[in-house]
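Observations on the three-dimensional arrangement
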Amino acid sequence: MSEDMIKMLPKVALHDHLDGGLRPQTVIDHCREASQELPSCDPNTLRQWFFDSADSGNLVDYLQTFEYTVAAMQTREHLKRVAREFVHDQAADGVVYAEARWAPEQHTRHGLSMRQAVEAVRDGLHEGMAEAAEVGAPIVARQILTSMRHGEPTLDVAQLAVEFRDDTVVGFDIAGAEDGWSPTRFDKVFEFLRRKNMQYTIHAGEASGPKSIWEAVQLCGARRVGHGVRICEEIDFDHPDGPRMGRLAHYLIDTQIPLEIAITSNAQTGVVERFEDHPAGVLRELGFNITINCDNRLMSGTTMSEEFRRGFEAFGWGLSDMHEITVAAMNAAFCSHEEKQRLLRDLIEPAYARFGR
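This write-up is about the structure you can find in this document. Residue indices begin from 1 for each chain and proceed along its sequence in written order. Local features in a predicted model are, by the rule used here, given only for residues with pLDDT of at least 70; side-chain atom pairs are given and counted only at 80 or more, and totals for whole chains, interfaces and linings are based on all residues. For the side-chain quantities, the full set of heavy atoms in the structure was used; hydrogens and water were omitted.

Some words on the sheet that holds strand β2 (residues 95-102)
Strands qualify as paired when DSSP identifies two bridges or more between them. Segments assigned H or I by DSSP are reported as helices when at least four residues long, segments assigned E as strands when at least two residues long, and all are numbered from the N terminus. If you trace the 4 strands from one edge of the open sheet to the other, you get β1-β2-β3-β4, paired in parallel fashion. Either end of the sheet is taken by a strand with one partner, and the two such strands are β1 (11-17) and β4 (169-175). Taken pair by pair, the neighbouring strands of this sheet meet at an average axis angle of 25°, ignoring direction. Both strand β3 (residues 140-148) and β4 contribute to a ladder of 6 bridges, which runs parallel. Pairing of Thr146 across the sheet is with Asp173, part of β4. When checking whether two residues touch, look at their non-hydrogen atoms; a contact exists if any pair is within 4.5 Å. Working convention: axes come from line fits to C-alpha atoms, limited for helices to the stretch in contact. Angles between N-to-C directions cover 0 to 180 degrees. On top of the sheet, helix α6 (residues 76-92) reaches β1, β2 and β3; it is set at about 145° to β2, its chief contact.

Concerning the packing of aromatic side chains
Planes of paired rings set the category: under 30 degrees apart is stacked, over 60 is edge-to-face and the rest tilted, where pairs are Phe, Tyr or Trp rings (Trp by its six-membered ring) whose centres lie within 6.5 Å. Evaluated as defined, the whole model comprises 8 aromatic pairs. Three or more aromatic residues joined by ring pairs make a cluster, and in this case those are Phe172, Phe186, Phe190 and Tyr200.

Quick notes on the pairing of strand β6 (residues 224-227)
Of the pairings in the sheet, the one linking strand β5 (residues 201-204) to β6 comprises 4 bridges and is parallel in character. Directly across from Thr201, in β6, lies its bridge partner Arg224.

Notes on the nonpolar core
In this structure, Tyr97, Leu193 and Phe288 are the most contacted members of the largest nonpolar core, which totals 112 residues. Once residues within four sequence positions are removed from consideration, Leu193 is found in contact with Ala158, Val162, Phe172, Met198 and Tyr200. In plain words, nonpolar cores are sets of buried Ala, Val, Leu, Ile, Met, Phe, Trp, Tyr and Cys residues tied together by side-chain atoms within 4.5 Å. Whether a residue is buried, partly exposed or exposed follows from its accessible area with a 1.4 Å probe, protein chains only, as a fraction of its type maximum: under 20%, in between, or over 50%, in that order.

Quick notes on unusual backbone geometry
If you check the backbone angles, Ser35 has positive phi at about 60° while not being a glycine. Tracing the sequence through the fold places Ser35 in the loop between α2 (24-33) and α3 (43-54). Overall, Ser35 belongs to the exposed group, its relative accessible area being 68%. Phi at Gln256 takes a positive value of approximately 55°, unusual for a residue other than glycine. If you trace the backbone, Gln256 turns up in the loop between α11 (247-255) and β9 (259-261). Given a relative accessible area of 34%, Gln256 falls into the partly exposed group.

Some points on the side chain of Arg142
Along the polypeptide, Arg142 turns up in strand β3. Judged by its relative accessible area of 17%, Arg142 is buried.

Some details on the sheet that holds β5
Strand order in this open sheet of 4 strands is β5-β6-β9-β10, and the pairing throughout is parallel. The sheet is open, and its two edges are formed by β5 and β10 (290-292), each paired on a single side. Strand-to-strand twist across the sheet, computed as the mean angle between neighbouring axes with direction ignored, equals 30°.

A short note on the pattern of salt bridges
What makes a salt bridge here is a side-chain nitrogen of Lys or Arg within 4 Å of a carboxyl oxygen of Asp or Glu, nothing more. One pass over the full model with this rule turns up 28 salt bridges. Between Glu85 and Arg81 there is a salt bridge, with its nearest N and O atoms 2.9 Å apart. Placement of the pair is Glu85 and Arg81 together in helix α6, with a separation of 4 residues, close to one helical turn. The class of Glu85 is buried, set by a relative accessible area of 9%.

Structure, rendered in structure tokens:
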């Protein structure tokens, strides 16, 4: 498949951090206004700096690059611009549905309340969607509100997610340093969300192994798993009769819990050494419900089209694989069933049919 075809085909982005996808020029403009020094004020140099710094081999160093992007998202107008550009950039890449996850608690340094921050992102998403529709690139963009897993596990962010559930917010997440910070610290938060019929995903199986995934799914009730790639550690690939899976791996397949896979990001944080070593291909062959995502487009220097291209090269995927993964991602989205069906009927299926799928 050509890069142009990949870009033209509809895609669904479930795991994309708002503070990990800023345009370099936006970081420069906003940090200048905030008197925040940067490693460079040249957009191309700064873009490369983000990629090189994130290409650290571990999650902790990778996360340190967010010091600058978060600093660039501390006012209402800054958040609106970032959200609007998020929509434009996704639509330009052929994405028809995108969930932008971000942590409101990190954007109150200059006096915004968390509520005001959520409203700013909401308004930016609305502006972006309207402008994208005007140029013939319709897209639905929603928010997932995130709490930092190393922070105090209060209900504040979850309550905001519920309050804005019909106003662009579709879910909740916990993110940040995974190893050593069990998701069970947020038990009361997840119980609150379940009682409010609110969907949530949990980062797990990236910096920590299968136990982290088990805690997220079995103890905390996650509907999706952010990354989840280290479930491969529970699979014996050297068994003489073929791959043998442990109970958790079987459970993930049997229940088809979606894994939010991010190939480039996993290579940068040391989950795998090379793109070619990523287990996404074999996990799909074994029957896991994988979706393809960018995680952080700026830090990973990637797009949804680029992630699929790498999947084609590394795993031999073709049009039918991209179609099936995209449909699976749409079905796993946290938007309403009606919206999923509309996007599948009006945008996704007709486009793939035109290309022979």
